[in-house]
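Residue-level listing of the chains:
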4 protein chains.
Amino acid sequence: MHFASDNTAGISPEILAALAAVNDGAAASYGADPVTARLEAKLADLFEHEVAVFPVATGTAANALGLAAVTPPWGAVLCHAGAHIACDEANAPEFYSAGAKLVPIDGPDGKLALADLEARLPGDLGNPHHAQPAAISLTQATECGTAYRPGEIAAISALAHRHGLAVHMDGARFANALVHLGVSPAELTWRAGVDVLSFGATKNGALAAEAIVFFDPARARDMPFRRKRAGHLFSKMRFLSAQLDAYVTDGLWLRNARHANAAAQRLAEGLGRLPGARLRHPVEANELFVELPERVITGLAAAGAQFHRWEGPTSTCIRLVTAWNIGDAEVSAFLEAASRLAGR
Amino acid sequence: MHFASDNTAGISPEILAALAAVNDGAAASYGADPVTARLEAKLADLFEHEVAVFPVATGTAANALGLAAVTPPWGAVLCHAGAHIACDEANAPEFYSAGAKLVPIDGPDGKLALADLEARLPGDLGNPHHAQPAAISLTQATECGTAYRPGEIAAISALAHRHGLAVHMDGARFANALVHLGVSPAELTWRAGVDVLSFGATKNGALAAEAIVFFDPARARDMPFRRKRAGHLFSKMRFLSAQLDAYVTDGLWLRNARHANAAAQRLAEGLGRLPGARLRHPVEANELFVELPERVITGLAAAGAQFHRWEGPTSTCIRLVTAWNIGDAEVSAFLEAASRLAGR
Amino acid sequence: MHFASDNTAGISPEILAALAAVNDGAAASYGADPVTARLEAKLADLFEHEVAVFPVATGTAANALGLAAVTPPWGAVLCHAGAHIACDEANAPEFYSAGAKLVPIDGPDGKLALADLEARLPGDLGNPHHAQPAAISLTQATECGTAYRPGEIAAISALAHRHGLAVHMDGARFANALVHLGVSPAELTWRAGVDVLSFGATKNGALAAEAIVFFDPARARDMPFRRKRAGHLFSKMRFLSAQLDAYVTDGLWLRNARHANAAAQRLAEGLGRLPGARLRHPVEANELFVELPERVITGLAAAGAQFHRWEGPTSTCIRLVTAWNIGDAEVSAFLEAASRLAGR
Amino acid sequence: MHFASDNTAGISPEILAALAAVNDGAAASYGADPVTARLEAKLADLFEHEVAVFPVATGTAANALGLAAVTPPWGAVLCHAGAHIACDEANAPEFYSAGAKLVPIDGPDGKLALADLEARLPGDLGNPHHAQPAAISLTQATECGTAYRPGEIAAISALAHRHGLAVHMDGARFANALVHLGVSPAELTWRAGVDVLSFGATKNGALAAEAIVFFDPARARDMPFRRKRAGHLFSKMRFLSAQLDAYVTDGLWLRNARHANAAAQRLAEGLGRLPGARLRHPVEANELFVELPERVITGLAAAGAQFHRWEGPTSTCIRLVTAWNIGDAEVSAFLEAASRLAGR
């Protein structure tokens, strides 16, 4: 019963097979190989737009490199107070941007509210005493397991662009949001104004692969230098590109995300019915945050279930994350145990 | 006939198998998994010393993180003028150290000469107007395909330590130097005074894996933060550790290096006999630099051989790199073509 | 009627005279001169403690250099949401620390509340995914014109030190707080646990001079390098030291601060009596924030008074700052105009 | 007999007077004052060109800020091996540029030779593995006390611009070079292709004042942010601007430089005649480097003369620097002592 994180899961068989498939023979290094070229073409098709693609191995690298490309050292990135970039990346955005500031803004269900952003813009733009708002970063799906609608993104992007800010999307769980909303990748990104996307694959079945996707290649002009000087340019790039290639081939990424989301839905429905249970947020991806009676939590842990208490060791709100390969039996076992412990 | 670089080769079958072998089931993320623990223990055995180990995916990351751990922003790293850190990492050491300076020092056969270092130390130590010498970085094997002897390293380390500098070793081709010299990993590192080692595996058969190895774990105290904020902490760490684990298991790393070195020796002997040929440096690893008549070079390229002219497009000195899996037939074909073109 | 800022005022005659007094003859450069030595001795006397002193020209430099000395790049500085370092220094602390994060925490009257700090510590200490709390920064006097009591500082310092954090004090208006509280410099700093102080003189009568004061010189070991590489080491240092020397000689700094504070008190008492007026915060230094009827504000501006509306162009809360040389007549004229406009 | 450095001298009376002259009354802070506006206009006149001017207090700040404006973090600055930016600024250019590399190039008499630069360009431009050549920095007058001719500068600038590099001039002793050459400020800067100039005043009579001068204001767009976040924006800016204003008023800067240069010429002529003496470089500014018999050096030091042995404590090459206010009697006394010691 592994619900601690989607990064405790392994690699999708299709992706593992892809590594073996590209292993024969020599290939040009540092991205000059045919697999990488094919990947860029596939992502252009997928997003229905010209793209500049930079595969890297971690989400933190993708976010930090992408943000640094659109934020000067004296800039500010407006983001949700709970955003991964603000809370869980050990100052990586500050490091990569050479000192930019993240401005944490709270908002319900992990989302930035348009009004809260409007209240801060144009803010101190042009005044050299203050950090210069340079980007808005949206997490899709959010850290609360919810998903921004295309219209929400578009409204925020319009505000951002009106004031000269870029729109960054941390898509570590982009697939999960996408399949929940039932929209196209284009609708969720550039059509809604997103300028640069961290297109995550690791949590959804890759070994370690994310693509930084720029919808305006002109913005990516310095990226080859940024990536290399950060040590994120793989010499045997084909193995990074092959993961991403397999990920978007034959809908693997969507299948994996649907599987994970469906498990989250089953958990939400099952747990939601229990006495004393309360879901903190709508469940729109593969994470749920649920308040449960202490005895239920203690009992689930004792039964071997893996999960985190969300707000510290005495919290009675737990986070459950369903991975791309979570077993139906695991979900059933968890629900049965919870139900039994809750006294139904 | 692939001699352009050892990073155009693929993954050793044993390493690819290791990825599959650790893929079953869930594993704790970010390095809390058993594969990573096992790796650290194995490397302690291998080096016969307590070690702190930080797996990362690229050599540039390994070098830049390791150097930053021992060099303050106002520090200087003394290194060979041709060192990878100085020439081929796009200012990564400067980035990671927040502004330290690399001091390039020339020397024959890619090696730093003790006397040249002595002439620079203590130099400006203590004077706030000048960069503070903080580390000496040695490349093993060197960029010229030669290998420092343990005694050479020990003499340089003694000088470094006498003045409070740390000794860093860029071991992107550490295995190649080791098997050439026929010494133990301990003799080539901490017994000779090395403080931090980039233990390379990628060029010698891994997908993308290097270990930063500290022989004094106290020096590594900040490394978890440095690695994370750089985006080099893998969530699914087991797949990085598994590569390194397989690499040092059952002597794979030594076998691969011996194979590559032997091919380089064959090339050196065969080419060295040709009229008009001259080897620039002793061949002590898996690289050779050889001056050849222009018609031989042109002919080899026309025959499909992959290699680089070393000093620009009109240079008649070519670099040949033999990978862990270079075919004997490829070597033979190259030598035959060269011999024929040279008119023998 | 200049109440816009204390940095619109000029130089105290005593300080200007000191520049001329040290101008005769040659002097060793970069701080090896006797004026600088004398200054360090005087500050040790003044603070009744061994100190390491680093004169610089701006408050932003003092804060950023001092904070960087106690905060690693992966660190976090807990500070008030309205702190100068957070709002008005254009990411200087982030720049100098190579990427540390400021954590803004709100609190009444510009002060950090102990309970709010306790709720955040130890927080994520030791977890490499998160910024590491490294320092607490207090502004004295605060940006709201209030002053921390020695007991308040001591309680916060005890918390900080218990968790290994340093205590930084932005003392751009240190003198103003000191004379208001009627305590000694020692009581307001190291006796209350302060580790590093930006000892401001510019706002209180200097040309451009602040001293970074470390109460534990061991913490300052790297400061000569930090200051030099930031371009903040003056070649003709005597002229920076002479300003600070004159500042603390014969009580000039206290006289200037008392004059400014007294003017602020007169304004507070006079304006506080007006109908529709409300002081936002206790007036404990040389700043006051007062809500006034719009017609009074408009009228004052029309009468030529200089001040800022505090919360944007339509705010009816204005900030008044009294400089070290504010004229009694200016204060009287302002109060009379305000009284007349308020219809009394 | 003070010949150790021109920064041991004090402030020109005219500049000290200017500080007092602008001290009356309040003035807008942070550069919005009329003195600063006047300065910018005067410099535009002086240089016969539109300029963007940023006064700072130190030469290191001027160089580091100016270079960072034209060099990305992955960039390289080509400079003379003995340049102040490379040797004497404690990695300030690396700090301000967030990690750019200085490429030291040797050359006779402290000058970069065109051929040596041509050999390095375009070099690795466009290749993400290598630092990207971004600027050439010239020191005028050089660290050897020589001066680049306008034609030399123009040839280097043409090369730089052909490859997209900017031309930076470290003009810490700009006035000394200018009066030696007898050309106009325009001829020595933008007409010869200089893009950004550190216009030094401190060594030539100011308290602490340098102006970063951009001849294409578009390049200076980010400078207000860069300067502020570095802590180099003075709140009481009028006192920085007033120094520079007085410096260029009524030819003060030229008079001071001529005086210093003339003293250097007298020293050169007098010492050059002594048996065993040899001037290392042409004397074209206010520095000279002269080899003398050891007994002469020892005797001069014993007689109280201040100077540096140039290449370490046993060197018999000494550096003499003549300040703007060096006394004729000091020069005479030095020459007489040297002559006597040399046995004439």
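Computed from a predicted model, the values in this text were never measured in an experiment. Throughout this description, residue numbers start from 1 for each chain and increase along the sequence as written. Key to labels: chains lettered from A, ligands numbered from 1, both in the order written. Only residues with pLDDT of 70 or above have their local features reported here, since the model is predicted, and side-chain atom pairs are shown and tallied only from 80 upward, although totals for entire chains, interfaces and linings are computed over all residues. Side-chain numbers come from the whole structure's heavy atoms, not from hydrogens or water.

Caption draft 1: Inspection of the overall build of chain A at higher detail. Each helix is a run of H or I in the DSSP string that is no shorter than four residues. Each strand is a run of E no shorter than two, and both are numbered from the N terminus. Scanning chain A from terminus to terminus reveals 14 helices and eleven strands. In this treatment the radius of gyration is a C-alpha quantity, and the globule benchmark scales as 2.2 Å times the residue count to the 0.38 power. Its C-alpha atoms give chain A a radius of gyration of 20 Å, within 12% of the compact-globule value 20 Å for 344 residues. By its C-alpha atoms, chain A is 60 × 55 × 30 Å across when sized along the principal axes. In what follows, a contact means two residues having at least one pair of non-hydrogen atoms within 4.5 Å. Sequence-distant contacts in chain A: of pairs separated by 6 or more residues, those separated by 24 or more amount to 76%. Split by element, the accessible area of chain A, about 10,800 Å² in all, is 53% carbon and sulfur. The charge count treats Lys and Arg as positive and Asp and Glu as negative. His and the chain ends do not count. To locate a charge, take atom NZ for lysine, CZ for arginine, CG for aspartate or CD for glutamate. Counting 29 positive and 35 negative side-chain charges, chain A places the averaged centre of each group 3 Å from the other. Where accessible areas are quoted, they stem from the Shrake-Rupley method and a 1.4 Å probe; at the residue level, only the protein chains shown are allowed to cover.

Caption draft 2: Geometry of the relation of the copies chain B and chain A. When chain B is brought onto chain A, the operation consists of a screw motion whose angular component is 180° and whose axial shift is 0.0 Å, with 0.0 Å RMSD remaining. In short, the pair behaves as if placed about a two-fold rotation axis. When each C-alpha of chain B is compared by its distance to the rotation axis, Ala 230 of chain B comes out closest, at 3.7 Å. With an isologous cut-off of 70% or more, the 100% of interface residues of chain B that recur at the interface of chain A puts this contact in the isologous class. Residues reaching a pLDDT of at least 70 in both copies supply the C-alpha atoms on which the copies are superposed by least squares.

Caption draft 3: The arrangement of the environment of Ala 220 of chain D in detail. Residues and elements named next belong to chain D. With respect to the helices and strands, the residue Ala 220 is situated in the loop between strand 7 (210-214) and helix 10 (223-229). Once the C-alpha coordinates of Ala 220 and Gly 327 are considered, the two residues, 107 residues apart in sequence, prove to be 40 Å apart. Not counting the four nearest positions on each side in its chain, Ala 220 is found in contact with Ala 52, Phe 54 and Phe 214.

Caption draft 4: Fine view of the packing of aromatic side chains. Aromatic contacts are taken between Phe, Tyr and Trp rings whose centres are within 6.5 Å, Trp giving its six-membered ring; a plane angle under 30 degrees counts as stacked, one over 60 as edge-to-face, and the others as tilted. Taken as a whole and judged by the stated rule, the model has 62 aromatic pairs over all chains. Measuring from ring centre to ring centre gives 5.2 Å for Phe 95 of chain A and Tyr 96 of chain A, while their planes differ by 70°; the resulting arrangement is edge-to-face. Side by side, Phe 95 of chain A and Tyr 96 of chain A carry an identical accessibility label, which is buried. Taking the centre distance of 5.9 Å and the plane angle of 65° together, the rings of Phe 174 of chain A and Phe 199 of chain A count as edge-to-face. Remark: Phe 199 of chain A occurs in strand 6 (residues 196-200) and Phe 174 of chain A occurs in helix 8 (residues 174-181); sequence separation between them is 25 residues. Three labels apply to residues, based on accessible area from a 1.4 Å probe with only protein chains included: buried if under 20% of the type maximum, exposed if over 50%, partly exposed otherwise in between. Given the relative accessible area of 1%, Phe 174 of chain A is considered buried. Each residue in the set Phe 47, Phe 174, Phe 199, Phe 215, Tyr 247 and Trp 253 of chain A is aromatic and connected to the rest through ring pairs, giving one cluster. Remark: a charge is flagged as sitting over a ring if the NZ atom of Lys or the CZ atom of Arg is within 6 Å of the ring centre and within 35 degrees of the ring normal. Above the face of the Tyr 148 of chain B ring, Lys 111 of chain B is positioned so that its terminal group lies 5.8 Å from the ring centre.

Caption draft 5: Just the interface of chain B and chain A, in detail. At the interface, 45 residues of chain B touch 45 residues of chain A. Approximately 3,600 Å² of surface area, both sides summed, lies buried where chain B meets chain A, with 60% of it carried by carbon and sulfur atoms. Of all residues in chain B, Phe 95, Arg 229 and Lys 236 of chain B give up the largest surface area on contact with chain A, accounting jointly for 21% of the area buried on that side. The term salt bridge refers to a side-chain nitrogen of Lys or Arg lying within 4 Å of a carboxyl oxygen of Asp or Glu. Applying the counting criterion to the chain B and chain A interface returns zero salt bridges. Buried surface area refers to the total accessible area, computed with a probe of radius 1.4 Å, that the two partners give up upon joining, counted for both partners together.

Caption draft 6: Structural view of the pairing of strand 6 (residues 196-200) of chain D. Residues and elements named next belong to chain D. Of all five residues that make up strand 6, five are buried, and the element is covered over most of its length. By the alternation rule, side chains of strand 6 split into Val 196, Ser 198 and Gly 200 and Leu 197 and Phe 199, which are all buried. Inspection of the sheet shows strand 5 (residues 166-171) paired to strand 6 by four bridges, in the parallel sense. Looking at the pairing, His 168 lines up with Val 196 of strand 6. Here, a strand pair is defined by DSSP locating no fewer than two bridges between the strands.

Caption draft 7: Region of the structure containing the interface of chain C and chain B. Residue-level contacts link 16 residues of chain C with 16 residues of chain B. For the pairing of chain C and chain B, the buried interface totals around 1,500 Å² over both sides, and the portion due to carbon and sulfur atoms is 74%. It is Trp 74, His 129 and Phe 225 of chain C that lose the most area in chain C upon contact with chain B, and together they represent 46% of the buried surface on that side. Any N or O atom pair separated by 3.5 Å or less is treated as a polar contact, with the protein-specific requirement of one donor-capable and one acceptor-capable atom, and with residues adjacent in sequence counted only for side-chain atom pairs. Inspection of the region where chain C meets chain B yields two residue pairs in polar contact (both at pLDDT 80 or more). Residue contributions to the side of chain C that touches chain B peak at five residues, all from helix 10 (residues 223-229) of chain C.

Caption draft 8: Region of the structure containing the pattern of salt bridges. Under the defined criterion, the tally for this structure stands at 61 salt bridges over all chains. We note a salt bridge from Arg 280 of chain A to Glu 311 of chain A, for which the minimum N-O separation is 2.9 Å. With Arg 280 of chain A in the loop between strand 8 (278-279) and strand 9 (287-291) and Glu 311 of chain A in the loop between strand 10 (308-309) and strand 11 (317-321), the pair connects residues that are 31 residues apart, well separated along the chain. Here Glu 284 of chain B and Arg 149 of chain B are joined by a salt bridge, their closest N and O atoms 2.9 Å apart. Within this pair, whereas Glu 284 of chain B is found in the loop between strand 8 (278-279) and strand 9 (287-291), its partner Arg 149 of chain B is found in the loop between strand 4 (132-139) and helix 7 (150-162), the two being separated by 135 residues in sequence. Using a relative accessible area of 10% as the deciding quantity, one classes Glu 284 of chain B as buried. Exposure remark for Arg 149 of chain B: the relative accessible area of 31% places this residue in the partly exposed category. Several salt bridges share partner residues, and in doing so they unite Asp 6, Arg 173, Lys 203, Glu 287 and Arg 319 of chain C into one network.

Caption draft 9: Structural view of the sheet that holds strand 10 (residues 308-309) of chain B. Residue and element names in this part refer to chain B. Taking strand neighbours across the sheet as the criterion, the four strands line up as 8-9-11-10 in an open arrangement whose pairing is antiparallel. Whereas interior strands pair on both sides, the edge strands pair on one side only; in this sheet they are strand 8 and strand 10. With two bridges connecting them, strand 10 and strand 11 (residues 317-321) associate as antiparallel partners. Across the sheet, the residue bridging to His 308 is Arg 319, located in strand 11.

Caption draft 10: Layout of the UniProt feature "domain: Aromatic amino acid beta-eliminating lyase/threonine aldolase" (unreviewed entry) in chain A. Following the UniProt record, the feature "domain: Aromatic amino acid beta-eliminating lyase/threonine aldolase" (unreviewed entry) maps to residues 3-291 of chain A here. Structurally, residues 3-291 of chain A comprises 39% helix and 16% strand, and the distance from its first C-alpha atom to its last is 15 Å. UniProt positions are given in the numbering used here, feature names are shortened, and annotations may be inferred rather than shown by experiment.

Caption draft 11: Just the domain arrangement of chain A, in detail. Residues and elements named next belong to chain A. When cut into domains, chain A gives domain 1 (13-251) and domain 2 (257-342). Its C-alpha centre places domain 1 at a distance of 29 Å from the equivalent point of domain 2. The partner domain 2 presents 16 residues to the 18 residues of domain 1 that form the contact. Here domain 1 packs against domain 2, burying approximately 1,400 Å² in sum over the two surfaces, 49% of which is carbon and sulfur. Counting the contacts that link domain 1 with domain 2 gives two salt bridges. Across the domain 1-domain 2 interface, the total number found is eight residue pairs in polar contact (both at pLDDT 80 or more). Ranked by residue count, the leading element in the side of domain 1 that touches domain 2 is helix 8, at four residues. In this count, Pro and Cys sit with the nonpolar residues alongside Ala, Val, Leu, Ile, Met, Phe, Trp and Tyr, while Asp, Glu, Lys and Arg are called charged and the others, Gly among them, polar. In terms of residue class, the side of domain 1 that touches domain 2 is made up of six nonpolar, seven polar and five charged. Where each domain starts and ends follows an automatic or database-derived domain assignment.

Caption draft 12: Representation of helix 12 (residues 252-272) of chain A in the model. Look at helix 12 of chain A: 30 Å from first C-alpha to last across 21 residues, which is about the 30 Å you get at 1.5 Å a residue. When we look at burial in helix 12 of chain A, the residues that qualify are Leu 252, Trp 253, Asn 256, Ala 257, Ala 260, Asn 261, Ala 263, Ala 264, Leu 267, Ala 268, Gly 270 and Leu 271 of chain A. To estimate how far a helix should extend, the number of its residues minus one is multiplied by 1.5 Å.

Caption draft 13: Broad picture of the packing of helix 8 of chain A against helix 12 of chain A. Residue and element names in this part refer to chain A. Two numbers describe how helix 8 lies on helix 12: the axes approach to 8 Å, and their chain directions differ by 80°. When the axis of helix 8 is compared with that of helix 12, the two are roughly perpendicular. Of the residues in helix 12, those touching helix 8 at Phe 174, Ala 175, Asn 176, Leu 178, Val 179 and His 180 are Trp 253, Leu 254, Ala 257, Arg 258, Ala 260 and Asn 261. Looking at the contact of helix 8 with helix 12 residue by residue, the class counts come to eight nonpolar, three polar and one charged. The angle between two axes is taken between their N-to-C directions and runs from 0 to 180 degrees, where each axis is a line fitted to C-alpha atoms and a helix contributes only its stretch in contact. Angle categories are assigned with fixed cut-offs, so that under 35 degrees is roughly parallel, over 145 is roughly antiparallel, 65 to 115 is roughly perpendicular, and the rest are oblique.

Caption draft 14: Fine view of the nonpolar core. Ranked by internal contacts, the top residues of the largest apolar core, which has 130 residues, are Leu 43, Ile 136 and Phe 199 of chain C together with Leu 43, Ile 136, Phe 199 and Trp 253 of chain D. Apart from residues lying up to four places away in sequence, Ile 136 of chain C is in contact with Leu 78, Leu 112, Leu 117, Leu 121, Ile 156, Ala 160, Leu 165, Ala 166, Val 167 and His 168 of chain C. Buried Ala, Val, Leu, Ile, Met, Phe, Trp, Tyr and Cys residues that are joined via side-chain atoms within 4.5 Å together make up what is termed a nonpolar core. One finds Leu 159 and Leu 244 of chain A together with Val 213 and Met 237 of chain B within the second-largest nonpolar core, a separate group that totals 128 residues.

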